[in-house]
Amino acid sequence: MTALVLLPSDEVPQDHLPTNNSNPLRLGPGLRILSQPSSNGSNHVLTATQAGLLTTDAKRNTVSLLSFPNRRYIPTVNDFVIAQIHHSSVDFFHCMVTPHTAHALLGQLSFEGASKKTRPMLKQGELVYARVQSVGLGAGAEVELTCVNPATGKADGGLGPLTGGMVFDVSTGMAARLIRASSTSAENTDAIEGLAVLSELGKKLESLGGFEIAVGRNGKVWVDCSIAAESAVKVTVAIGRCLQETDQQNLHTHDQKKLVMKILRDMKLVS
Amino acid sequence: MASSTTASNLTPPSLSLPPSQFARLQPHAYLLAHLSPPPASNQPSIRANGRAASQFRVTSANAGSLTHTNGSAVVRIGDTAAVCGVRAEILHTKDIASWSVLQASSEHNLDNSNYAGVSESQDEEDRGHIQDLNLLVPNLSLSTGCAPGFTPGAPPSALAQSLSHQLLSLLHTTRLVRAEDLRIWYQPPNLESEEFGNAGEGMDVDTEESGGPEREIKAFWVLYIDVMIISLAGNPFDAAWASVLAALRDTKLPRAWWDADNETVLCSDDVADARKLSLRGLPVASSFCSFEGDAAAGWRAVVIPSAEEQKQKKSAQRRWILADPDGYEEGLSQERASVVVDKENGKTVIVKMEKHGGWTVDSDDLRQLVDVSAQRWDEMKRILDQC
Amino acid sequence: MVGPIASLSQLHRSDGSASYKCPATGYSILGAVNGPIELPARRDALKPEEATVEVFVKPGTTTGGVGERYIEGILRSVLGKIVLGREKGFPRRGVVITLAIVGGENVARGDNYLTILPALLHTGLLAMISASVPLSMTFSATLLGVTEDGDIVRDPSPTAAKAAVSLHVFAFSSKNHLLLNESEGRFGFDTWEYVRERALSICQGETTASADGDVAMGEGTASASVSGFIRETVEDQIYSDYAYKLDSI
């Protein structure tokens, strides 16, 4: 199947849709269904609202449009984001998820095991790894975040305040790639989603004790490697630079490996 | 009266809502109900303000009411009223920094005029002087209280600024004002001439003696054209342009000459000496808006028919092109069209045509709009000639 | 004739950006789009259920004046019409489009902005596509001048535009609707219609849109059209952004 790029108002050709009919077809962002009034009832056509690469997943019966990686993040339920506390009020922490948008709300008690007494006292500027709980409906709706899985009451997947470390800005497309790469099982190693940078860094930095990373859909990557003691800051910055340059220059896997070597050498982390 | 009866027919009898409230609560449905009355009611399709779709509001014009200006006019189109005053000021060429450069290039043009058609190069030069030296300075202000929402002390709104620009741009493209009318010449006395005696007052522009020293431009009249919309009820551009047109037709410039001894420009205070501007043509602006019957047309999840399909299904499509929209109608439509026409020997010439904000108006409609505008031209000419 | 040059997503800090250069007219525009963002003091916008589109035009060497306000109004009405302002995350927020004129002759005071309008429209559209603002359709625009001899000149330079009897800017949607027309000068309606036909063929190529709305790309002229150019620009950027994915296919 050839790659198909759609522009707004282009229709999705029928033969590009997954043929598995057992599940209902799920639409990703950038696509909408329109009805075409005709003499015999109405037909439905799928059209693009953004420009992007059409991708389908036959297993999950989804069709979506991969748009430009530099786009702005629009909160979607169940996304993992890295939010920064702006200020707190009686019931909520007001967090910044994307610049120039209204603050997202994070309940003071939406943390694992939080009660009036034990809730975390987050100050301005601190970071949390949170999940989008609801985005509300209609105009002026507020985005709500949570740091617990409402079903289990546990902080699954590392939700909660992020202490130490440092946050780096990457494009939303890069963030999505990192998340997809980490969710795909790491058996076939090397390049998942065309990303070799993380596995390469992991290999090189193993001797220093490795590092921790959290990726927010809103284009933020939090990196921490306090284990590495005195060179912690250096390692963190090196990882951040590797990710940002891979993102901005849209590097191929072999270039990513070269970049990792170059940066680590520059910062005298490996010989 | 027709308007109120239709509206009350449509409101359910249990809810006795006066038409004025219906108009405020459901403006789109209100206008739609007027334009497409139920077939049973035998009502004609009419706008909520009682006009037919291509009917303009009652227009009146009155020129020369402001005595301290060189020319002025008040134009009223329905409830939209514009006052325009033209004030002329003298700009010495010695105050123009780039004058010597311009002079050289325009002389070059004049040389060419011997070969090419004289009138054309005249046009070019007109454009050069008026445009390069900013001899026409229109400004439009939407005064406080002309419509709700205009607060005192606010900076000029984007609407006022863009209207100012439209006026200026139209003055330039139509070349309405002739640069010759704005020039103040100096004819140096021909010292070799025998009849030197009468040269004391010989600055008269008309005396052009062959062989004498070349006459030169010493100053220009700059026309400050200030328009004030004192009441805004939709379609400000047509009213503003009509007022500019009427005011310029009314404008009289005093006779001015260069006094070589005092090195200054003197003006005559004799009214009989003052002369009117000789304008090129009479471009008349007509604005329209397109009202879509389907309020949700912009975001309904249906496939937008392509232009060809739209043409075929024209009859089924519900939209009306309304001439001279009032404020209420303007708020209900996004698509605007504006046509400026002039007539030369009975033949219609389009001076400016624009449409944007939608995709329902195309060639066929625009052709009709040009015809409507041509009719409007006759009407406006009559009104402006009378004022 | 040298076609325009455009590229997408050149600015890293804005949500979407595009640069556009038209060698024929000499204009070069850089556009940035941010959206959806919170507009200060616009919480009670006129239409709370939709996104507000704001356009700012920055001239290259002077401060903005009344001419910019006018052209911003036109751009807002055209670009705002094609934005799907009710998609998720957009209602009550704003889409801010900033277009900076970085090259080309200055537009003088009171001058018509027609010569630069197609470049501004294309930059705005490409920047919005780059920011993944949901759109109902795309469009393509062109500038045509009619000379004294009645010839039609495509993309006249500012000097040629001054000499032209009439100047016309047309923008056609991807489904051949007339989205925008700005005409100035002295002309009759028949001339206008003739110019319109010419503009349509320049914008959409000589192809006739087939019934399903899909422009047939088979004919050689399709890629030479303005809409073909827009499509190629976007495709090139997508292909380079997703090179890693396409390699594996």
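Structure first, text after, so check above.
The text that follows walks through the structure, step by step, so that each part is easy to find.

Cut-offs applied
- Residues numbered from 1 in each chain as written.
- Chains lettered and ligands numbered in written order.
- Predicted model: local features only at pLDDT ≥ 70, side-chain atom pairs only at ≥ 80, totals over all residues.
- Contact = placed C-beta atoms within 7 Å.
- Nonpolar A, V, L, I, M, F, W, Y, C, P; charged D, E, K, R; others polar.
- Helix = DSSP H or I, 4+ residues; strand = E, 2+ residues; numbered from the N terminus.
- Pairing = 2+ DSSP bridges.
- Axes fitted to C-alpha atoms, helices over the stretch in contact; angles between N-to-C directions.
- Core = buried A, V, L, I, M, F, W, Y, C linked by C-beta atoms within 7 Å.
- Buried ≥ 20, exposed ≤ 12 C-beta atoms within 10 Å, placed from the backbone.

1. Side note on the interface of chain A and chain C
At the interface, 31 residues of chain A touch 42 residues of chain C. Class assignment for the residues of the side of chain A that touches chain C results in 13 nonpolar, 14 polar and four charged.

2. A word on unusual backbone geometry
Looking along the chain, the bond that leaves C:Gly35 and enters C:Pro36 is cis, with omega of 0 degrees. Its place among the elements puts C:Pro36 in strand 3 (residues 27–37). Its identity is not glycine, yet B:Arg175 carries a phi of approximately 50 degrees, on the positive side. The topology assignment puts B:Arg175 in the loop between helix 6 (158–174) and helix 7 (179–182). Notably, B:Glu263 is not glycine yet its phi reads approximately 50 degrees, a positive angle. Along the polypeptide, B:Glu263 turns up in the loop between strand 8 (256–259) and strand 9 (264–267).

3. Points about the sheet that holds strand 2 (residues 16–22) of chain C
All names here are of chain C. The five strands lie next to each other as 1-2-3-5-4, forming an open sheet whose pairing is mixed. Looking at which strands have only one partner, the edges of the open sheet turn out to be strand 1 (5–8) and strand 4 (52–58). For this sheet the average axis-to-axis angle between neighbouring strands, irrespective of direction, equals 15 degrees. Relative to strand 2, strand 1 runs antiparallel, the two sharing four bridges. Across the sheet, the residue bridging to Leu8 is Ala18, located in strand 2. Where helix 1 (residues 66–82) meets the sheet, it contacts strand 4 and strand 5 (94–103), and its direction lies at approximately 140 degrees from that of strand 4. Along the sheet face, helix 2 (residues 117–130) touches strand 1, strand 2, strand 3, strand 4 and strand 5 and points at about 150 degrees away from the line of strand 2.

4. Focus: the nonpolar core
Formed by 171 residues in total, the largest nonpolar core has its most connected members in B:Leu167, B:Ala240, B:Val244, C:Ile97, C:Leu120 and C:Met128. A per-element tally of this core places helix 8 (residues 236–250) of chain B first, with ten residues. Counting residues in each nonpolar core, the second largest holds 49 residues, with A:Ile82, A:Val132, A:Cys225 and A:Ile239 among its members.

5. Remarks on the sheet that holds strand 9 (residues 178–187) of chain C
Sheet architecture is open: eight strands sit in the order 12(B)-11(B)-13(B)-14(B)-9(C)-8(C)-6(C)-7(C), paired in antiparallel fashion. In this open sheet, the two strands that pair with only one neighbour each are strand 12 (319–323) of chain B together with strand 7 (152–154) of chain C. In this sheet, adjacent strand axes meet at a mean angle of 25 degrees when their direction is disregarded. Against the sheet, helix 6 of chain B engages strand 13 (335–344) and strand 14 (347–356) of chain B together with strand 9 of chain C, with an angle of about 150 degrees to strand 14 of chain B.

Without other data, these values stay purely geometric and don't point to any function.
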